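Chains, contacts and geometry: an overview
Read off the chains here:
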Amino acid sequence: MADLATVRQIEAVGFRAWPATSVHYDGTWAIRMTAAHPSKRLNSVNPLDPADIRDVPARVERASQRFHAYGRRPVFRLSPLAPPELDDYLASQGWNRLDETIVMTADLTTMDLAGTIDQIPLRDIGRYVDASLKVHERDASLRAGFSELLNGIRPVKGMFVIEEEGQPVSVALCVHDGAMAGLFDIATSRESRRNGHGRAIVASALKWAMKHGARTAWLQIEAANAPGLALYDGFGFAEIYRYAYRESPES
């Protein structure tokens with residue numbers, strides 16, 4: 001079982017690095033809502049205490065109503081901080097389990113990044129957003145919401161882009177928060193994969209974070225992403241814990 005103190009630390013820096021527009025607490029359940037962006041991490045109920053099992057059915061219903069007000073399907077994000085009784089209840093009510101995600105960490109103080117290029121992060125959020133949408137092949141309608149998210153990040157952030165012939169081919173976002181550095185939004189364009197861009201941009205982001213004083217790097221990756229897992233294994237990342245989502249069966 002994952003050390004709950006470590007899980008709490010990573011969950012806390014994760015909330016700061018990927019900030020929701022609105023956060024409401026029902027006991028120790030953090031209900032994160034973001035009207036401008038559909039990410040489940042930004043629109044989910046996040047239980048933060050395994051012992052908080054009071055009035056589960058009523059609280060699930062209250063949380064669901066908040067999602068309905070946003071026009072979204074109710075979603076719970078279940079980390080090791082979530083009570084097993086809650087997971088059992090949601091399963092009994094037909095809530096679908098999906099998107100199992102692995103949280104990984106690596107010790108930056110032992111990582112050899114000597115040959116890594118000192119890439120200067122972008123300062124222009126708009127330029128980074130455009131590059132990210134293009135590389136991820138996401139709809140332009142997400143531009144405003146993603147820009148709002150990036151503007152809302154309070155810790156120091158580094159936005160990295162690799163370009164070829166004036167076009168973005170790889171992106172990465174690194175958020176430095178105290179001794180921790182989180183990696184987000186990492187992707188390489190479909191036609192430019194297997195050319196080393198992913199490793200290069202991750203290395204640059206980690207080197208930047210290390211120079212700013214970070215000692216531990218962390219990231220979240222879907223368990224089904226075999227190429228990504230192989231990439232991070234090469235940097236020395238190891239699994240700390242997992243989480244998954246439960247999505248309401250309602251349409």
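Scroll up a little and you will see the structure.
I will try to describe carefully the structure that is included in this document. For clarity, every value in this text was computed on a predicted model and none was experimentally measured. (Residues numbered from 1 in each chain as written. Predicted model: local features only at pLDDT ≥ 70, side-chain atom pairs only at ≥ 80, totals over all residues. Heavy atoms only, no water.)

**Considerations on unusual backbone geometry**
Rules: Helical segments are the DSSP runs of H or I of at least four residues, strand segments are the runs of E of at least two, and each set is numbered from the N terminus.
At Asp55, a position not held by glycine, the phi torsion is positive, near 50°. Following the sequence through the fold, Asp55 ends up in the loop between strand S3 (44–47) and helix H2 (56–69). Backbone geometry at Arg194 places phi at a positive 65°, although glycine is not the residue there.

**Some remarks on the side chain of Gln220**
Rules: Between N or O atoms, a polar contact is any pair within 3.5 Å; within protein, one atom must be a potential hydrogen donor and the other a potential acceptor, and residues adjacent in sequence are included only when both atoms are from side chains. Between two residues, a contact is recorded if the distance between any of their heavy atoms is within 4.5 Å.
Looking at the secondary structure, you find Gln220 in strand S9 (residues 216–222). Among the polar contacts listed, one links the side chain of Gln220 to the side chain of Tyr243, at a separation of 2.7 Å. Sequence-distant contacts of Gln220, defined by excluding residues within four places in its chain, comprise Arg41, Arg77, Thr101, Ile102, Val103, Phe184 and Tyr243.

**Looking at the layout of surface pockets**
The criterion, for reference: Only protein atoms enter the 1 Å grid used here. Points where a 1.4 Å probe fits but cannot escape make up a cavity, open sets with protein on both sides within 12 Å along at least five of seven lines make up a pocket, and a residue lines them when an atom lies within 4 Å of a point. Grid points are joined across faces, edges and corners, and a volume is the space filled by probe spheres set on the points. Polar here means any residue outside two lists: the nonpolar Ala, Val, Leu, Ile, Met, Phe, Trp, Tyr, Cys and Pro, and the charged Asp, Glu, Lys and Arg; Gly therefore counts as polar.
Counted as a void, the largest pocket has a volume near 1,200 Å³. Every residue lining the largest pocket is counted, 40 residues in all, and those nearest its centre are His136, Arg138, Ile186, Ala187 and Asn225. Those elements giving two or more residues to the lining of the largest pocket turn out to be strand S5 (96–107), helix H4 (125–136), strand S8 (180–188), helix H6 (197–211), S9, helix H7 (226–235) and strand S10 (238–247). It is S8 that provides the largest number of residues to the lining of the largest pocket, a total of six residues. Classifying every residue of the lining of the largest pocket by side-chain character gives 16 nonpolar, 13 polar and eleven charged. By volume, the second largest pocket amounts to about 200 Å³. Every residue along the wall of the second largest pocket is listed here: Leu78, Ser79, Pro80, Ala82, Pro83, Pro84, Asp87, Arg97, Glu100, Arg242, Tyr243 and Ala244. Mapped onto the lining of the second largest pocket, the elements with two or more residues apiece are helix H3 (84–92), S5 and S10.

**Side note on the environment of Glu239**
Along the chain, the position of Glu239 falls in strand S10. Linking Glu239 and Val202, residues 37 residues apart in sequence, is a C-alpha distance of 17 Å. A polar atom in the side chain of Glu239 sits 2.8 Å from the side chain of Arg242.

**A closer look at empty space enclosed by the protein**
Taken as a whole and judged by the stated rule, the model has two cavities of 30 Å³ or more. Of the volumes computed, that of the largest cavity is approximately 100 Å³. Lining the largest cavity are 13 residues, and of these Gly14, Phe15, Arg41, Arg77 and Gln220 lie nearest its centre. Elements that contribute at least two residues to the lining of the largest cavity include exactly helix H1 (4–17) and S9. Of all the elements, H1 adds the most residues to the lining of the largest cavity, at four residues. Residues that form the lining of the largest cavity fall into these classes: six nonpolar, three polar and four charged. A volume near 30 Å³ is recorded for the second largest cavity. Forming the walls of the second largest cavity are Val13, Ala17, Val175, Asp177, Met180, Ala181, Gly182, Phe184 and Trp218. Elements supplying a minimum of two residues to the lining of the second largest cavity: H1, strand S7 (167–177) and S8.

**Details of the environment of Ile31**
When you line up the elements, Ile31 lands in strand S2 (residues 29–33). Beyond its immediate sequence surroundings of up to four residues, Ile31 is in contact with Ser22, Val23, His24, Asp26, Ser44, Val45, Ala63, Arg66 and Phe67.

**Here's the deal with the packing of H6 against H7**
So the rule is basically this: Axis lines are fitted to C-alpha atoms, over the contacting stretch for helices. Their N-to-C directions set the angle, which ranges from 0 to 180 degrees. By definition in this entry, angles of less than 35 degrees are roughly parallel, angles greater than 145 are roughly antiparallel, angles of 65 to 115 are roughly perpendicular, and the rest are oblique. Here a crossing is taken to be left-handed if its near helix is turned anticlockwise relative to the far helix by less than a right angle, and right-handed if that turn runs clockwise.
Contact geometry of H6 with H7 gives a least axis separation of 11 Å together with a crossing angle of 45°. Considering the angle they form, H6 stands oblique to H7. Here H6 runs over H7; the crossing is right-handed. Here Gly198, Arg199, Val202, Ala203 and Leu206 of H6 lie close against H7, whose contacting residues are Leu231, Tyr232, Gly234 and Phe235. Classifying every residue of the contact of H6 with H7 by side-chain character gives six nonpolar, two polar and one charged.

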